[in-house]
Amino acid sequence: MMHKIDAELRHEYARQREQNEREREQRYQQAIARDPSIKALQDGLQTRLFSDSRALLNPASDSQKMMDTLRQDVARVHREIAQKLNAIGMNADDLTVKHRCEACKDTGYVGELGERMCDCYRVRRLNMMREQAGLSCGDGQRFETFDVDVFSDAKQRDEALFAKSLCQNYVDQIQTGSKLNLVLMGESGLGKTFLLNCVADRAIAQGIPAMPISAFHMLSAMREYHFGQNGGDSLLNQLIECELLLIDDLGTEPMLRNITVEYLFMLLNERINHRRHTVVATNLSPNELMERYNERVVSRLMDRTAGELIRLSGKDLRFRT
C-alpha cells in the first residue's frame, strides 16, 4: 500500500511542479504582451550570463572583477524589469515560479540532500493512508476523542479506560513488535469498533500502514481467491502482507465450506510467521470462537505469548438513556 501511495504522491508533486511552471510561463507571456521590452531585457541577461560564464573559465581572466561587474549588471537589469512590471500592474515575483509549498518547492522533501519528508508531504501521505484505510479525519474515532462520559456505570467506565490504555500501548509498541495480536472481545455496542479505529488512526499517524476490513469483506476476498475470481488474489495478498490488519466483527461472516475456517487459519498463521500485527474485534466468547472455527484458529488468534486479549462488558452504549 505504501509503495502505491508514494508513487501516486510523486506523480502528484510532479504534476504540481509542471502546473507551477505553466502558470509562470502564462504570467511571463502576459507581461511581454503588455511590454515587449521586458523580453529584450530578459534575453539580453541570459546571453550575458552565458558569455560571462564561459569567460570565467579562462585562467587568464580576472574572475573576481568579472563577478563583481556581473552582479552589479544583473541587479540593474532586475531593477529595470521590476519597474516595467510595476508599470503594467505586475511585480517581479510574477516572473518566478510560485510553489504550493515554499519549504520543499513542491518536491515533497527538504534538507540539503532532500533526505527528509516535508511537512506538506507527510500530512498528505497520512491523509491518503487514512482514505485508503476507510478512515476520515472528521469521524471522531481517535484516542483523543475518547469520551469517558458516555459510560454511566463506574465499573464499565473503568474497564473502558483500561481497554483504551491497552490499545494505546499496543499501537505505540508496534515498531518494537512485542505483541503481534490484539483481540477486542465483548457483546455489541461496547465500543470495540471505536477502539479498533482508534488503533488504526494512531498507527497511520505514526506512519504505519493500516488496513481495517470487516469480516464479511475479508471472507469475500477469500471466496474470490478460492474460486479464481478477479481481484481476490490481490486483496487476499494485501490482507496477508499489510503491516497492520484490523478485522472488525469476526464471527458475523458466513461459514463457507473449505473457505472460512481454512483461509482464516492461513491468514492468521502467515501473519504470525512473518511477525505482522493483527487486531480483531468480535462479539463471540472464547468458547463460541472454538465452536465456530477450531482449536488451530483460536490458538493463533488468542495466543497470550503473541498477543493481548481485551474483554469488554456492560450496557450497550447505543441504547443508553
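Residues numbered from 1 in each chain as written. Predicted model: local features only at pLDDT ≥ 70, side-chain atom pairs only at ≥ 80, totals over all residues. Heavy atoms only, no water.

J.: Please clarify how the packing of aromatic side chains should be interpreted in this entry.
T.: Note on aromatic pairs: each is described by the distance of the centres and the angle between the planes. Throughout the structure, instances matching the rule amount to four aromatic pairs. When the centroid spacing of 5.5 Å and the interplanar angle of 55° are considered together, the rings of Tyr 13 and Tyr 121 count as tilted. Of the two residues, Tyr 13 is situated in helix H1 (residues 2-34) and Tyr 121 in helix H4 (residues 119-132); the sequence distance between them amounts to 108 residues. Aromatic side chains Tyr 109 and Tyr 121 sit 5.2 Å apart centroid to centroid with 45° between the ring planes, which places their arrangement in the tilted category. With Tyr 109 in strand E1 (residues 109-110) and Tyr 121 in helix H4, the pair connects residues that are twelve residues apart, well separated along the chain. For Tyr 121, a relative accessible area of 2% corresponds to the buried category. Ring pairing ties together the aromatic residues Tyr 13, Tyr 109 and Tyr 121, which thus form one cluster. Positioned over the ring face of Tyr 13 is Arg 100, at 5.2 Å from the centre of the ring. (Phe/Tyr/Trp six-rings, centres within 6.5 Å; stacked < 30°, edge-to-face > 60°. Helix = DSSP H or I, 4+ residues; strand = E, 2+ residues; numbered from the N terminus. Buried < 20%, exposed > 50% of the residue type's maximum accessible area, 1.4 Å probe, protein only. Lys NZ or Arg CZ within 6 Å of the ring centre and 35° of its normal.)

J.: Got a minute to help me understand the packing of helix H7 (residues 215-226) against helix H9 (residues 260-273) in this structure?
T.: Between two packed helices, both the angle of their axes relative to each other and the distance between the axes serve to describe the pair. At a closest axis distance of 10 Å, the pairing of H7 and H9 adopts a crossing angle of 105°. Of the possible angle classes, the one that applies to H7 and H9 is roughly perpendicular. For the pair H7 and H9, contact is made by Met 218, Leu 219, Met 222, Tyr 225 and His 226 and by Thr 260, Tyr 263, Leu 264 and Leu 267, respectively. (Axes fitted to C-alpha atoms, helices over the stretch in contact; angles between N-to-C directions. Parallel < 35°, antiparallel > 145°, perpendicular 65-115°, else oblique. Contact = heavy atoms within 4.5 Å.)

J.: Even after reading the chapter, I still don't get the confidence of the model for the protein chain, so can you show me in this structure?
T.: Detailed reading of the predicted coordinates is not advisable wherever pLDDT falls low. The predicted model of the protein chain has a mean per-residue pLDDT of 86, with 91% of residues at 70 or higher. The secondary structure element of the protein chain with the lowest average pLDDT is H4, at 77, and the one with the highest is strand E6 (residues 277-282), at 95. (pLDDT = per-residue confidence, 0-100.)

J.: Just checking my understanding: could you explain the nonpolar core for this structure?
T.: One broad trend across soluble globular proteins is that nonpolar side chains are buried collectively. Ranked by size, the top nonpolar core spans 39 residues in total, and within it Val 199, Leu 244 and Val 279 carry the most contacts. Residue assignment for this core shows that the elements contributing at least two residues are H1, H4, helix H5 (154-172), strand E3 (181-185), helix H6 (192-205), strand E5 (244-250) and E6. When residues of this core are assigned to their parent elements, the largest contribution, seven residues, is made by H6. Setting aside its immediate chain neighbours within four residues, Val 279 contacts Tyr 170, Leu 182, Leu 184, Leu 196, Val 199, Leu 244, Leu 245, Leu 246 and Ile 247. Counting residues in hydrophobic clusters, the runner-up holds 32 residues, among them Ala 215, Leu 250, Leu 264 and Val 298. (Core = buried A, V, L, I, M, F, W, Y, C linked by side-chain atoms within 4.5 Å.)

J.: It is not clear to me how the sheet that holds strand E4 (residues 210-214) should be interpreted in this structure. Could you clarify?
T.: Through backbone hydrogen bonds, the strands of a sheet pair up, either in parallel or in antiparallel fashion. Within the open sheet, the five strands sit side by side as E4-E5-E6-E3-E7. Their pairing is parallel. Among the strands making up the open sheet, the edge pair consists of E4 and strand E7 (307-311). Mean inter-strand twist for the sheet, computed between neighbouring axes without regard to direction, equals 10°. Lying on the sheet, H6 is in contact with E3, E4, E5 and E6; it crosses E5 at an angle near 170°. (Pairing = 2+ DSSP bridges.)

J.: It is not clear to me how the pairing of E6 should be interpreted in this structure. Could you clarify?
T.: The element E6 is largely enclosed, with a buried count of six among its six residues. Residue alternation in E6 divides its side chains into two sets, His 277, Val 279 and Ala 281 and Thr 278, Val 280 and Thr 282, and both sets are buried. Where E3 and E6 come together, five bridges link them in parallel fashion. In the strand pairing of E6, Asn 181 is matched with Thr 278. Handedness of the crossover joining E5 and E6 through H9: right-handed. (Right-handed = clockwise from strand over helix to strand, strands pointing away.)

J.: What's the story with the pattern of salt bridges in this structure? I'm lost.
T.: Oppositely charged side chains can form a pair if their charged atoms are brought close together. This structure, assessed with the given rule, holds 13 salt bridges. As a salt-bridge pair, Arg 124 and Glu 12 come within 3.1 Å of each other at their nearest N and O atoms. Within this pair, whereas Arg 124 is found in helix H4, its partner Glu 12 is found in helix H1, the two being separated by 112 residues in sequence. Here Glu 12 falls in the buried class, since its relative accessible area comes to 16%. As a salt-bridge pair, Arg 76 and Glu 80 come within 2.8 Å of each other at their nearest N and O atoms. Highlighted residues: Arg 76 and Glu 80, both in helix H3 (residues 63-87), separated by four residues, approximately one helical turn. Glu 80 gets classed as partly exposed once you look at its relative accessible area, which sits at 27%. Members of the salt-bridge network, linked through shared partners, are Glu 12, Arg 100 and Arg 124. (Salt bridge = Lys/Arg side-chain N within 4 Å of Asp/Glu carboxyl O.)

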